[in-house]
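Secondary and tertiary structure notes
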Amino acid sequence: MKDKSSDVKKVTGRPGLRLQSLGMYCPGCHYGIITRVICEVIEELGVAGKAIGLAGVGCSFGGAPMTIDIDWTSCPHGRAPAMATAIKRIYPDAMVLTVQGDGDLGAIGLGCFMNALVRGENLTTVFLNNAVYGTTGGQMAPTTLLGMKTTTTPLGRDIKTNGYPLHVPELAATMRGVAYAARCTVHTPANFQRAKKSLKTAIQKQMDGIGYGIVEFVSACPPGWGLKPLECLDYISERMLEEYPLGEFKNLDKTD
Amino acid sequence: MSERILVSGNNAVARGAIQAGCKYFFGYPITPQSEIPEYMSKELPKIGGIYVQSESESGSIYMVYGGGLTGKRIMTSTSSPGLSLMAEGMSYLAEQEIPAVIVDVVRMGPGIGTGGQGAQTDYLQVTKGCGHGGYHAIVLAPASGQEIFDLMQLAFFLADKYRGPVMVITDFILGQTEEPIELRTLDFGPLPEKEWALTGKEKRGGNRVTHVAAFFTYQGILNYHMKLIEKYAEIKRAEVRYEKYLADDCDLLIVAYGSSARIARGAVDMGRAKGFKLGLFRPITLWPFPVEAIAEGASKAGRVLVVEDSQGQLVEDVEASVKGRVPVHLLGMWGRHNVGGGGIIHPERVIEEVEKLNER
Ligand SMILES: Cc1ncc(C[n+]2csc(CCOP(=O)(O)OP(=O)(O)O)c2C)c(N)n1
Ligand code: SF4
Ligand SMILES: [Mg+2]
């Protein structure tokens, strides 16, 4: 029989930076796919050796340091941007990345995040919007949709008691020190590719010293949403993207 | 001999830190310590360092945490209300074993306290671990400008040696008083390499470093706690510091730290001139506390008088050390010469207290 191994071409595989780790995420969680985006972008930009990651408290916190082969620290809830500030100021050549959930960045850490933008820090943030506090059992997050049921909005989020959904990249785009702000998803292959491009652009802005880059990932949380993994994909297309439109809100070649 | 200059205690904090090689300061304004960030914002850029003004003391402590993770010498300073905001971060610094120096220029509390007036009302907060979870920070309590300058250098050394937060605690009086200091460099010996520092893995030949929550890293969370318990025991064995003044031949031992110890020393001299056999025991490390030395001194003297400008905080540790073997009396903030914020306990008032005790 003829040996065909020389004809076999590898078309895909685990990214080199993706560590083999225990399954950290629930079935249907998009954090695993976003991990792949981060790995591929860091590899393609060739910045793994300079990369220092800061993981917020949330499902991302357990996962990121164990799954991506770069220097990492986990951070107290909401405090990654302050810690990243010091690291980047001390090592201006490093690629400093925070990965934070919507509770972590949008609630407890909103002040910390906004002040990093006020100071005009040169950092990159991956913002994970799954519309709930996944880790603690699906409570309301600042990004929870109006009418959406969570364990602390049993009748659905209503404006009177719970206020309005938070739009982080749109908010960040208003700040002068921000060079790049975008929202993406990984719920279809085409969106996966767009998400990669967005994160790549954001990190490149940091490496070029242009300014802060933030990329929001709208992400499924099946247990938090009370939906099956496949149903989550429709929920993203039909409900999440209605409130959280995809796109670039800012893309500057120079901040003043 | 090194140069001598006349500076405030706050200035001595900043100079001592720079002398120790600290180039990174993260802080937020609060009276009576604002001269420290002001000095750092002027001087650090000149030596290639960095000063960042945070948005709050919470911001400061997390910048300190991030900076500490790089392995560089890092500090912040604050006063009492700000220290409460730093409590969460202190707990994380202890858990993750990140060296950092935190200075508390105490103002009278609780609550907003009194900005332009002093007191020693943070003793319990700094010595019992101001954040959650049960941990210790070494706490150094200087009593003069020179000692502030020297202990700042020691603080950075101890932070590196034992990997954790070290506190230096002064107050309004010490921070604002100008005294001559000698700008000497202290050498405490060699320290291990900081292999744990985050640098980006290319600087370590591709080996990555991660700092994740303790329950992820160790084979069993108890092993992690045992390591910290052993570290704290070692600190208690090796790092207790105190000063005695006429304390080996006295029949009343005064125990006081920081600015109150300066006052108490004056009272000892004043009392001795009157024929009272007074002695002073001054803890320099508030944690680890000089338990055995105080117990021994107290037993010898037969009586103890704690002088502290607070509601009575240090006295709890003194009582715990003495274990009821001899009577422990307290002259607290009620000994101040006036009821306004500018009141202080004068040596004369200490002598009055001694006379009252002598009549018993
Ligand atoms: C100071 C503090 N408060 C509360 C918590 C508990 N806590 C852990 S994770 C979390 C929510 C995280 O939600 P999010 O940032 O949306 O991340 P997700 O789990 O959804 O990825 C909370 C409230 C904590 N760890 N620290
Ligand atoms: S709880 Fe939600 S966010 Fe957390 S791992 Fe599960 S699916 Fe993902
Ligand atoms: Mg979330």
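Just so it is clear, the model here is predicted, and its values are computed rather than measured. (Residues numbered from 1 in each chain as written. Chains lettered and ligands numbered in written order. Predicted model: local features only at pLDDT ≥ 70, side-chain atom pairs only at ≥ 80, totals over all residues. Heavy atoms only, no water.)

1. Some words on the layout of surface pockets
Residues and elements named next belong to chain B. Selection criterion: Cavities and pockets are defined on a 1 Å grid built over the protein atoms alone: a cavity is a set of grid points where a 1.4 Å probe fits but cannot escape, while a pocket is an open set with protein on both sides within 12 Å along at least five of seven lines, and lining residues are those with an atom within 4 Å of any such point. Grid points are joined across faces, edges and corners, and a volume is the space filled by probe spheres set on the points. Helix and strand definitions here come from DSSP, where helices need a minimum of 4 consecutive H or I residues and strands a minimum of 2 consecutive E residues; each element is numbered from the N-terminal end. In this classification, Asp, Glu, Lys and Arg are treated as charged, Ala, Val, Leu, Ile, Met, Phe, Trp, Tyr, Cys and Pro as nonpolar, and every other residue, Gly included, as polar. An automatic or database domain assignment is the source of the domain bounds shown.
The calculated volume of the largest pocket comes to roughly 460 Å³. Along the wall of the largest pocket there are 24 residues; nearest its centre are Ser 91, Glu 95, His 132, Ala 214 and Tyr 224. Where the lining of the largest pocket is concerned, the elements lending two or more residues are helix H4 (80–96), helix H8 (214–217) and helix H9 (221–238). No other element matches H9, which puts six residues into the lining of the largest pocket. Considered class by class, the residues forming the lining of the largest pocket number 16 nonpolar, seven polar and one charged. Among the domains, domain 1 (4–182) and domain 2 (209–238) are the pair contributing at least three residues each to the lining of the largest pocket. Elements with a contribution of two residues or more to the lining of the second largest pocket: strand S13 (285–287) and helix H11 (291–301).

2. What to know about the interface of chain A and chain B
For the record, the criterion: Contact between two residues is taken to exist if any of their heavy atoms lie within 4.5 Å; hydrogens are not considered. Note on terms: buried area is the combined drop in 1.4 Å-probe accessible area of two parts once they are placed together, counting the loss on both. The term salt bridge refers to a side-chain nitrogen of Lys or Arg lying within 4 Å of a carboxyl oxygen of Asp or Glu. Following DSSP output, two strands are said to pair if at least two bridges run between them.
In this assembly, 32 residues from chain A lie in contact with 35 residues from chain B. Summed over both sides, the interface between chain A and chain B buries roughly 2700 Å², with carbon and sulfur atoms accounting for 63% of that surface. A per-residue breakdown of the area chain A buries against chain B is headed by Asp 71, Ile 90 and Tyr 91 of chain A, which together make up 22% of the total. Linking chain A with chain B are six salt bridges, by the criterion used here. Those elements giving two or more residues to the side of chain A that touches chain B turn out to be strand S1 (51–55), helix H2 (59–67), strand S2 (71–74), helix H3 (80–90) and helix H5 (110–118) of chain A. A per-class count over the side of chain A that touches chain B returns 19 nonpolar, seven polar and six charged. Sheet topology places S2 of chain A next to strand S9 (residues 210–211) of chain B; two bridges connect them, and they run parallel. Counted as the bridge partner of Thr 73 of chain A is His 211 of chain B from S9 of chain B.

3. A look at the domain arrangement of chain B
For interface size, the figure often reported is the accessible area lost on association. All names here are of chain B. Here chain B is described as being made up of domain 1 (4–182), domain 2 (209–238) and domain 3 (243–359). Distance from the C-alpha centre of domain 1 to the C-alpha centre of domain 2: 24 Å. At the junction of the two partners, domain 1 supplies eleven residues and domain 2 supplies 13 residues. When domain 1 packs against domain 2, the two sides together hide about 1000 Å² of surface, and 53% of this comes from carbon and sulfur. When the buried area of domain 1 at its contact with domain 2 is split by residue, Glu 95, Glu 97 and Tyr 162 rank highest and sum to 48% of it.

4. A look at the confidence of the model for chain B
Applied cut-off: Values of pLDDT, which run from 0 to 100, indicate the predictor's confidence residue by residue.
On average, chain B scores 96 in pLDDT, and the residues at 70 or more come to 99%. Listed scores for the predicted complex are pTM 0.96 and ipTM 0.95.

5. Observations regarding the site of ligand 2
Note the cut-off: Think of it this way: one heavy atom of a residue within 4 Å of a molecule or strand is enough to make that residue near it.
Taken together, Tyr 25, Cys 26, Cys 29, Tyr 31, Cys 59, Asn 130, Gly 134, Cys 221, Pro 222 and Pro 223 of chain A are the residues near ligand 2. Residue composition of the shell around ligand 2, by class: eight nonpolar, two polar and no charged.

6. Overview of the side chain of Thr 150 of chain A
Residues and elements named next belong to chain A. The cut-off we apply is this: Relative accessibility decides the category of a residue: with a 1.4 Å probe and only protein chains considered, values under 20% of the type maximum give buried, values over 50% give exposed, and everything between is partly exposed. Contacts described as polar in this section are N or O atom pairs within 3.5 Å, which, within protein, must combine one atom able to donate a hydrogen with one able to accept it, while residues neighboring in sequence count only if both atoms come from side chains.
Considering the arrangement of structural elements, one finds Thr 150 in the loop between strand S6 (139–140) and helix H6 (159–162). Judged by its relative accessible area of 8%, Thr 150 is buried. Side-chain polar atoms of Thr 150 contact the backbone nitrogen of Met 140, separated by 3.3 Å. Here Thr 153 takes part through its side chain, which lies 2.6 Å from a polar atom of the side chain of Thr 150. When neighbours within four sequence positions are excluded, Thr 150 is seen to be in contact with Val 132, Gly 138, Gln 139, Met 140 and Thr 144.

7. Looking at the packing of helix H1 (residues 9–19) of chain B against helix H6 (residues 145–162) of chain B
Packed helices, taken two at a time, are described by their axes: the angle between them and the distance between them. Residues and elements named next belong to chain B. Selection criterion: To obtain an axis, a line is fitted to C-alpha atoms, over the contacting stretch when the element is a helix, and the angle between two such axes runs from 0 to 180 degrees between their N-to-C directions. Rotating anticlockwise by less than a right angle from the far helix to the near helix defines a left-handed crossing, while the corresponding clockwise rotation defines a right-handed one.
Contact geometry of H1 with H6 gives a least axis separation of 8 Å together with a crossing angle of 35 degrees. By crossing handedness, the relation of H1 to H6 is classed as right-handed. Where H1 abuts H6, its residues Gly 9, Ala 12, Val 13, Arg 15, Gly 16, Ala 17 and Gln 19 lie against Gly 145, Ile 148, Phe 149, Met 152, Gln 153 and Phe 156. When its residues are assigned to classes, the contact of H1 with H6 shows seven nonpolar, five polar and one charged.

8. Structural notes on the site of ligand 1
Basically, it comes down to this: Note on areas: these come from Shrake-Rupley sampling with a 1.4 Å probe, and a residue is covered only by the protein chains present in the view.
Taken together, 17 residues lie around ligand 1, and Tyr 31, Asp 102, Asp 104, Gly 134 and Thr 135 of chain A are the ones closest in. Chains contributing residues to the immediate surroundings of ligand 1 are chains A and B. One nitrogen or oxygen atom from the side chain of Asp 102 of chain A is found 2.4 Å from an oxygen atom belonging to ligand 1. One nitrogen or oxygen atom from the main chain of Gly 134 of chain A is found 2.8 Å from an oxygen atom belonging to ligand 1. For ligand 1, whose accessible area on its own is 580 Å², the fraction buried by protein is 76%. Elements with a contribution of two residues or more to the shell around ligand 1: helix H4 (102–108) and strand S5 (132–133) of chain A. Ranked by the residues each element gives to the shell around ligand 1, the list is headed by H4 of chain A, at four residues.

9. Notes on unusual backbone geometry
Residue and element names in this part refer to chain B. Between Thr 31 and the following residue, Pro 32, the backbone shows a cis peptide bond with an omega angle of 5 degrees. If you trace the backbone, Pro 32 turns up in the loop between strand S2 (24–27) and helix H2 (35–43). Its identity as a non-glycine residue notwithstanding, Leu 246 has a phi of 55 degrees, on the positive side. Note on placement: Leu 246 falls in the loop between strand S10 (242–245) and strand S11 (252–255).

10. Regarding the pattern of salt bridges
For the structure on display, the rule yields 43 salt bridges over all chains. Note that Glu 121 of chain A is salt-bridged to Arg 89 of chain A, the shortest N-O span being 2.9 Å. Taken together, the residues span a long stretch of sequence, with Glu 121 of chain A in the loop between H5 and strand S4 (124–129) and Arg 89 of chain A in helix H3 at a distance of 32 residues. In this structure Glu 121 of chain A comes out as buried when scored by relative accessible area, which is 4%. Here Arg 89 of chain A falls in the partly exposed class, since its relative accessible area comes to 30%. The shortest N-O distance in the salt bridge between Asp 251 of chain B and Arg 303 of chain B comes to 3.4 Å. Taken together, the residues Asp 251 of chain B in the loop between S10 and S11 and Arg 303 of chain B in the loop between H11 and strand S14 (304–307) connect sequence positions 52 residues apart. The partly exposed category is assigned to Asp 251 of chain B, whose relative accessible area is 34%. When its relative accessible area of 19% is taken as the criterion, Arg 303 of chain B is described as buried. Salt bridges here are not isolated pairs; linked through shared partners, they connect Arg 36, Glu 40, Glu 44, Lys 196 and Lys 200 of chain A.

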